[in-house]
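# Summary of the model geometry
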Amino acid sequence: MTRLAAADRVAATVRADIRALNAYPVPPALAGGIKLDAMECPYELPESVRDEIARAVRDTALNRYPAGDTQALAHDVRHAFDIPAESSLLFGNGSDELIHLIVQACCEPGDIVLSPWPSFVYFDMAARFDHARFVGVPLTADLQCDLPAMLQAIDQHRPKVIFLALPNNPTGGLWPDEAVRAIIDAAPGLVVLDEAYQPFADHTWMSRLPALPQAVILRTVSKIGLAGLRFGYLAGHADWIAQFDKVRPPYNLNVLTQAALRAVLRHKAVLDGQAAQLCVDRALLAAALADLPGVTVYPSAGNFVLARFSGELDGNAVHLALKTRKILVKNFSSAHPLLANCLRISIGTPAENTALLSTLQDILCSY
Ligand SMILES: *Cc1c(COP(=O)(O)O)cnc(C)c1O
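This report concerns the structure included in the present document. Note that the coordinates shown come from a computational prediction; the quantities given were computed from them, not determined experimentally.

Cut-offs used in this document
- Residues numbered from 1 in each chain as written.
- Predicted model: local features only at pLDDT ≥ 70, side-chain atom pairs only at ≥ 80, totals over all residues.
- Heavy atoms only, no water.
- Pairing = 2+ DSSP bridges.
- Helix = DSSP H or I, 4+ residues; strand = E, 2+ residues; numbered from the N terminus.
- Axes fitted to C-alpha atoms, helices over the stretch in contact; angles between N-to-C directions.
- Buried < 20%, exposed > 50% of the residue type's maximum accessible area, 1.4 Å probe, protein only.
- Right-handed = clockwise from strand over helix to strand, strands pointing away.

### Overview of the sheet that holds strand β3 (residues 112–117)
With respect to topology, 7 strands assemble into an open sheet ordered β2-β8-β7-β6-β5-β3-β4, the strand pairing being mixed. At either margin of the open sheet sits one strand with a lone partner, and together these are β2 (88–92) and β4 (133–138). Ignoring strand direction, the axes of neighbouring strands in this sheet form an average angle of 25°. As paired elements, strand β7 (residues 215–220) and strand β8 (residues 232–236) share 4 bridges and run antiparallel to each other.

### A closer look at the sheet that holds strand β13 (residues 342–346)
Strand order in the open sheet formed by 4 strands is β9-β10-β13-β12, with antiparallel pairing between adjacent strands. Each edge of the open sheet carries a strand with a single partner, namely β9 (295–297) and β12 (330–331). Both strand β10 (residues 304–309) and β13 contribute to a ladder of 5 bridges, which runs antiparallel. Within the sheet, the bridge partner assigned to Ala307 lies in β13 and is Leu343.

### With respect to the pairing of strand β6 (residues 190–194)
For a regular strand, the rule is simple: side chains alternate between the two faces of the sheet. Among the 5 residues of β6, 5 are classified as buried, and the element is accordingly described as predominantly covered. Of the two faces of β6, the one holding Leu190, Val192 and Asp194 and the one holding Val191 and Leu193 are both buried throughout. Bridging between strand β5 (residues 161–165) and β6 involves 5 bridges; their strand directions are parallel. Opposite Phe163, over in β6, you have Val192 as the bridge partner. Handedness of the β-α-β unit built from β5, helix α8 (residues 177–186) and β6 comes out right-handed. Sheet topology places β6 next to β7; 4 bridges connect them, and they run parallel. When the bridges of β7 are listed, Val192 appears paired with Val216.

What follows is the structure, given as structure tokens:
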């Protein structure tokens, strides 16, 4: 029997398209630095809430699999996030998992998943992993949804699934209701309204969901201070949810996540307060960034802003200069032509935002 080296065996066994991919880049922790690259909430929970989480976790049985019925959790989530009584819920280990479940359940190999582009990279990745074909419809030059192009692409490709990030990541724009409505009306399959940044947008489709049988709404708690918990939820008609539930890995939601989430949701006002603060600080940061030489800031309804650097230093150089000074932001300079020289900056604490601004001022004005 021939013994192949692991590399040969891998080459002969693992899908060629997977071997050609790069893994999703997650940067290492930045000791002592300022982390503004991943839309995390910069605030920790108050001591009293953390004590309550500790008690809830202590009382959780780790020897048992998570219970099959999630009634209690569903009750709390419905209440905390205003889910219409008519809509059903599905929970995921982060909303990333739910994106997979949707594509797995809907797409035969080669079926089309479509989204305005650039948008959330995981729409594209999940589609590929699950053997669908991803079509990204370019945004306009000013990074808005190109509705005529979307309608044309829907007509041409007949997508099984359309993802709309509302607001859009990484650009921050919130597509107008009329455009979203037109896309929903034109869609031959399912439209997923990904409201990951809804808490910062003062806008939602949730109350209208019962009247939209061809749409579901995806949400996450990652951007409101609970990124480490890994919890996302999908709301929609029971007929959709029942199908997606079939491809859900059993026990995908661990007992510690459930216990901690229920404890935190008793203090939802704390999360709301943090989100409100971040919105105030977003306006201040956006205005101050726009005052810097050669910087264009795009309007954002998320907890981040996208800035384009067109002065002496290009986006890569600014990103590197910030990194050298221990400030981490996300570099999109080479990700897509529409994002040339763009950096995405998460909103931090007021002190972090001030440090970012003064550091940028130094960097840009020393050239
Ligand atoms: C961050 C993000 C998510 C992923 O959230 P998780 O729940 O942490 O997996 C989903 N959609 C968009 C548009 C995002 O930006």
